[in-house]
Amino acid sequence: MSTTRACPPPDGPGREQGGPASAGSPAPAARAARRLRLVGVGGAVPLSRDFTRQALYDWGWLPAATADHRAAAEDVLLVVSELVTNACLHADGPEELCVSRSGKVVRLEVSDLGAGTPAPRSPHRAGRPGGHGMFIVQRLCLDWGVTRQEGGVGKTVWAELAGPS
């Protein structure tokens, strides 16, 4: 599903999170998040992919035990590449990458200072070069969208992907 509606970000400031719930409340699904500042960084796409790959290793998604596990991890790495590439090409570069997980869902967030709104090209022309990034995101993700920053400058493009069953 593709959407440009706002979606609430994961809880907390974005560092590695998770732990016991407060007394009297049911335990939420374990949530973990990592942030990578990308302002002024050269090679933001491969750096972001490596950062995300390490998170997937630490969270037990990699090394992949089955073809389904491998495909799920590859989808996450492809989507992070597409989101960071779009920020590089259309928004003067990414500001930050946040990779988080809750249960079997991975959420990717790429923040930038751009004013545009990403959307899959319509109609999608598979035989033409370029313009496939958001189409790929739309096809691989459970959901995705755009959250505008307060004050109207910048945005965060987020995408959520399912883990292997």
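Up top is the structure.
The following refers to the structure shown. Please read all numbers here as calculations on a predicted model, not as lab measurements. (Residues numbered from 1 in each chain as written. Predicted model: local features only at pLDDT ≥ 70, side-chain atom pairs only at ≥ 80, totals over all residues. Heavy atoms only, no water.)

## Quick look at the nonpolar core
Rules: To define a nonpolar core, start from buried Ala, Val, Leu, Ile, Met, Phe, Trp, Tyr and Cys residues and group those joined through side-chain atoms within 4.5 Å. Exposure categories follow from relative accessible area, calculated using a 1.4 Å probe and restricted to protein chains: below 20% of the type maximum is buried, above 50% is exposed, and the middle band is partly exposed. Secondary structure elements follow DSSP: runs of H or I of four or more residues count as helices, runs of E of two or more count as strands, with numbering from the N terminus. Residue contacts are counted whenever heavy atoms from the two residues lie within 4.5 Å of one another.
Ranked by size, the top nonpolar core spans 33 residues in total, and within it Leu56, Val79, Leu83, Leu97, Val99, Leu108 and Val137 carry the most contacts. Among the secondary structure elements, those contributing two or more residues to this core are strand 1 (31-37), helix 1 (44-58), helix 2 (67-90), strand 2 (94-102), strand 3 (105-112), helix 3 (133-140), strand 4 (143-148) and strand 5 (155-162). At nine residues, the largest contribution of residues to this core is made by helix 2. Those residues in contact with leucine 56 that sit more than four places away from it in its chain are Trp61, Leu62, Ala73, Val76, Leu77 and Val106.

## As for the environment of histidine 69
This is how it is decided: Under this definition, polar contacts are N or O atom pairs within 3.5 Å; protein pairs additionally need one hydrogen-donor-capable and one acceptor-capable atom, and for neighbouring residues in sequence, both atoms have to be side-chain atoms.
Positionally, histidine 69 belongs in helix 2. With a relative accessible area of 24%, histidine 69 lands in the partly exposed category. Along the backbone, histidine 69 and proline 164 are 95 residues apart, and their C-alpha atoms lie at a distance of 5.2 Å. When sequence neighbours within four positions are dropped, the list of residues in contact with histidine 69 reads Ala64, Pro164 and Ser165. Here threonine 66 takes part through its side chain, which lies 2.5 Å from a polar atom of the side chain of histidine 69.

## Some remarks on the environment of lysine 155
With respect to the helices, strands and loops of the structure, lysine 155 is situated in strand 5. For the pair formed by lysine 155 and glycine 114, sequence separation is 41 residues and the distance between their alpha carbons is 6.7 Å. A distance of 3.5 Å separates the side chain of lysine 155 from the backbone oxygen of glycine 114, its partner in a polar contact.

## Points about the sheet that holds strand 5
Note the following rule: Strands are labelled as partners when DSSP assigns at least two bridges between them. In this description, a line fitted to the C-alpha atoms serves as the axis of each element, helices being fitted only across the stretch in contact, and the angle between N-to-C directions of two axes falls anywhere from 0 to 180 degrees.
Pairing is antiparallel across the open sheet formed by five strands, whose spatial order is 1-2-3-5-4. What marks the edges here is a single partner per strand, and that holds for strand 1 and strand 4. Within the sheet, the average angular offset between the axes of one strand and its neighbour, ignoring direction, is 15°. Sheet topology places strand 2 next to strand 3; eight bridges connect them, and they run antiparallel. By the bridge assignment, serine 102 is partnered in strand 3 with valine 105. Across the sheet, helix 1 touches strand 1, strand 2 and strand 3, and the angle it forms with strand 1 is around 160°. Against the sheet, helix 2 touches strand 2, strand 3 and strand 5, its axis set at about 10° to strand 3.

## Some words on the packing of helix 1 against helix 2
Heads up, the rule is: Working definition: roughly parallel below 35 degrees, roughly antiparallel above 145 degrees, roughly perpendicular at 65 to 115 degrees, and oblique for all remaining angles. Note on convention: near helix rotated counterclockwise from far helix by under a right angle means a left-handed crossing. Clockwise means right-handed.
Their axes nearest at 9 Å, the elements helix 1 and helix 2 cross at an angle of 150°. The orientation of helix 1 with respect to helix 2, classified from their angle, is roughly antiparallel. Between helix 1 and helix 2 the crossing geometry is right-handed. Here Ala44, Val45, Ser48, Arg49, Thr52, Arg53 and Leu56 of helix 1 lie close against helix 2, whose contacting residues are Ala73, Val76, Leu77, Val80, Ser81, Val84, Thr85 and Cys88.

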